[in-house]
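Residue-level listing of the chains:
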Amino acid sequence: MGKFKTTEEYFAFSKRLVVIPTEDIKKLFEKFKIRLPLFIHAFLLRETIKSKVFEEKHYETYTDEMKYRLRGYNRYSVYPLEKMIEKYNLDFEVARYKELLFDIVFINMDQLSLKNSFINELEQLQHNYTVDLEVMSYHHFYSLFKDVYHEMPGYLDGVPLNHWDEEMLNSYTLGDLKELGQKNAVDIPRRINKAKLIEILTAKFNLTGNEASLLVKMSVLDLEIYAKEKGFRISIDLKKQDMIEYIQYARNMYHKPVEKDEFNYNIPIESLQDEVYADIEEDVVPEPVVEEVFVPVEEDIEIPELDVEDEFVPEPEIVEETQEEPKVEIEETVPEPEPIPEPKPQPKPEPKVELKPEVALTKKPESLLTTEEKELLDEKINQIIKKFYKKRRRRRIIWTIAIVLIVALVGFVGYSYYYYTIVDPGNLPFGLSDLLN
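About the criteria used
Residues numbered from 1 in each chain as written. Predicted model: local features only at pLDDT ≥ 70, side-chain atom pairs only at ≥ 80, totals over all residues. Heavy atoms only, no water. Patch = residues over 30% accessible without salt bridge, like charges linked within 9 Å, V, L, I, M, F, W, Y side chains within 5 Å. Areas by Shrake-Rupley, 256 points an atom, 1.4 Å probe, with all protein chains shown as cover. Salt bridge = Lys/Arg side-chain N within 4 Å of Asp/Glu carboxyl O. Lys, Arg positive; Asp, Glu negative; His and termini not counted. Charge placed at Lys NZ, Arg CZ, Asp CG, Glu CD. Helix = DSSP H or I, 4+ residues; strand = E, 2+ residues; numbered from the N terminus. Core = buried A, V, L, I, M, F, W, Y, C linked by side-chain atoms within 4.5 Å. Buried < 20%, exposed > 50% of the residue type's maximum accessible area, 1.4 Å probe, protein only. Contact = heavy atoms within 4.5 Å. Phe/Tyr/Trp six-rings, centres within 6.5 Å; stacked < 30°, edge-to-face > 60°. Lys NZ or Arg CZ within 6 Å of the ring centre and 35° of its normal. Axes fitted to C-alpha atoms, helices over the stretch in contact; angles between N-to-C directions. Parallel < 35°, antiparallel > 145°, perpendicular 65-115°, else oblique. Left-handed = near helix turned anticlockwise from the far one by under 90°. Polar contact = N/O pair within 3.5 Å; in protein donor to acceptor, adjacent residues only side chain to side chain.

Some thoughts on a positive patch on the surface
For step 1, the next point in the chain: Among the surface-exposed residues, Lys386, Lys387, Lys390, Lys391, Arg393, Arg394, Arg395 and Arg396 lie close enough to one another that they form a single positively charged patch.
For step 2, the next point in the chain: Take Lys391: it is sitting in helix α21 (residues 371-423).

Observations regarding a nonpolar patch on the surface
For step 1, the next point in the chain: A surface patch of nonpolar side chains, about 830 Å² in accessible area, is lined by Leu409, Phe412, Val413, Tyr415, Tyr418, Ile422, Val423 and Phe430.
For step 2, the next point in the chain: Within the secondary structure, Phe412 is located in helix α21.

With respect to the nonpolar core
For step 1, the next point in the chain: Core analysis: the biggest nonpolar cluster contains 62 residues, and Phe29, Leu36, Phe106, Phe118 and Tyr149 have the highest contact counts within it.
For step 2, the next point in the chain: At the level of elements, α1 (7-16), α2 (22-31), α3 (38-53), α6 (78-87), α7 (94-107), α8 (116-127) and α9 (138-145) are the ones that each hand at least two residues to this core.
For step 3, the next point in the chain: Contact partners of Phe29, with chain neighbours within four places excluded, come to Ile34, Leu36, Leu101, Phe102, Val105, Phe118, Phe145 and Val148.
For step 4, the next point in the chain: Residues Tyr79, Met168, Leu215 and Ile247 belong to the second largest nonpolar core, which totals 35 residues.

Concerning the packing of aromatic side chains
For step 1, the next point in the chain: The tally for this structure, following the rule as stated, stands at 28 aromatic pairs.
For step 2, the next point in the chain: A centroid spacing of 5.8 Å and a plane angle of 20° characterise the contact between Phe13 and Phe106, whose relative ring orientation is stacked. Linking Phe13 in helix α1 with Phe106 in helix α7, this pair joins segments that are 93 residues apart in sequence.
For step 3, the next point in the chain: Relative accessible area serves as the criterion here: at 0%, Phe13 is assigned to the buried category.
For step 4, the next point in the chain: In this structure Phe106 comes out as buried when scored by relative accessible area, which is 1%.
For step 5, the next point in the chain: For the pair Phe54 and Tyr73, a centre-to-centre distance of 5.4 Å together with 80° between the ring planes defines the contact as edge-to-face. Of this pair, Phe54 sits in the loop between α3 and α4 (56-59) while Tyr73 sits in the loop between α5 (64-69) and α6; the two residues are 19 residues apart in sequence, bridging distant segments of the chain.
For step 6, the next point in the chain: Clustering of aromatic rings is evident, with ring pairs tying together Phe29, Phe32, Phe92, Tyr97, Phe118, Tyr138, Phe141, Tyr142, Phe145 and Tyr149.
For step 7, the next point in the chain: One cation-aromatic arrangement involves Lys230 over Phe205; the distance from NZ or CZ to the ring centre is 5.0 Å.

Let's talk about unusual backbone geometry
For step 1, the next point in the chain: A positive phi angle is found at Ala185, which is not glycine, with a value near 60°.
For step 2, the next point in the chain: In this fold, Ala185 is placed in the loop between α11 (174-183) and α12 (194-205).
For step 3, the next point in the chain: For Ala185, a relative accessible area of 72% puts it in the exposed group.
For step 4, the next point in the chain: Residues other than glycine seldom take positive phi values, yet Asn206 does so here, at roughly 55°.
For step 5, the next point in the chain: If you trace the backbone, Asn206 turns up in the loop between α12 and α13 (209-216).

Concerning the packing of α12 against helix α14 (residues 220-229)
For step 1, the next point in the chain: Taken N-terminus to C-terminus, the directions of α12 and α14 make an angle of 20°; their axes are 11 Å apart at the nearest point. In terms of axis orientation, α12 runs roughly parallel to α14. In the packing of α12 onto α14, the handedness of the crossing is left-handed. Contacts from Lys194, Leu197, Ile198, Leu201 and Phe205 in α12 reach Val220, Leu223, Glu224, Tyr226 and Ala227 in α14.

Details of the side chain of Glu82
For step 1, the next point in the chain: As for its placement among the helices and strands, Glu82 is situated in helix α6.
For step 2, the next point in the chain: Residue classification places Glu82 among the buried residues on the basis of a relative accessible area of 13%.
For step 3, the next point in the chain: In terms of polar contacts, Glu82 uses its side chain to reach the side chain of Tyr138, at 2.6 Å.
For step 4, the next point in the chain: For Glu82, the residues in contact, after removing those within four places along its chain, are Leu45, Tyr138, Tyr142 and Lys183.

Thoughts on the pattern of salt bridges
For step 1, the next point in the chain: A complete count under the given rule lists 16 salt bridges for this structure.
For step 2, the next point in the chain: Salt-bridge contacts for Glu65 lead to Arg69; the nearest nitrogen and oxygen are separated by 2.3 Å. With a gap of four residues between them, Glu65 and Arg69 both fall in helix α5, about one helical turn apart.
For step 3, the next point in the chain: The class of Arg69 is buried, set by a relative accessible area of 5%.
For step 4, the next point in the chain: For Arg75, the salt bridge is made with Glu167, and the minimal N-O distance between the two is 3.8 Å. One end of the pair, Arg75, is in the loop between α5 and α6; the other, Glu167, is in helix α10 (residues 166-169), with 92 residues separating them in the sequence.

By themselves these figures say nothing about function.
Have a look at this one:
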């Protein structure tokens, strides 16, 4: 395997190399032309700050929503890791990062085309410094070391484009994705127009000029349906997945090959406390779930409540009637048997039978509609409403003008009659008599 016989010897060597200053490590990497993919930095940064992220004093300050988002921590890209460091003022252990960095480099020496000369240089550097360790902020460190990393084709913020699925996006807010766009020099709008939607579809499906010209004749709703039929979901109101698509479009990332990650990550990593990590799986999830699928959650909550009420309401009523019956029996009058048949009014169970199919009927059509179809339906309804209000506004303007003209005409005729008969008999106002003569 090179100068050392086992990986354990390399890992032990890594621990001794943390005394080398960051600037000297960078110079050495430049000398041996070592450039690493940004996804290596994402991995190293996740492992470096993981113990701090889940440290009890920090973990207790997180909201339930944040704890829910942390379920996807092992898939975090670089941006949310950097945001956590800044927001929660997490300590960045430079020595820990360096050790993990050298571990990764050593077990991937063949892939990086490194020889024993690289190890020899590291040994010389190691002896040039004392055991004092560097202390610096993450931002200072990365400003010195960022040129070592580069984004691989087919990756966004250190994550393959095909990994930006719904599960991963649960760990990001709309604001996070907008800021991620800004980090990549892309200003993501909240809403796009029809022309921009056509541009995205043209780039996504690699359409010719003639094919793109056909899209111009379609409505926005038809364009969204067209995209959906081709397996591409997008809306003019940019949601999370749409934002990722917009970044790909703006950075011309469509139809680019995705470089395969062939790095070996089998290095010694301190595991998290199982209890803390297990808490993430069991923590409250409602907030993010409601945020993503708000309507269905409300319906699921309301329906069981109705069923429960229907089952329990009649029971106390029956108990009350049985309590009244003995009082009537004591009187020993003819009316006694009357209250007995009265409980028979089984219209109470009947509503149960009627309510259940009604609930089922309300659920079925909604369950048959997917979220995408509901969004398209809403968009169509909005367009119909807009057209209706435009027509109504036009009618109002026309009627207003007509009424004003009629009122003016009636006023003029009335004034002329008054002037002709009383003010100046035989003459019309405004010199009209002279004009007529």
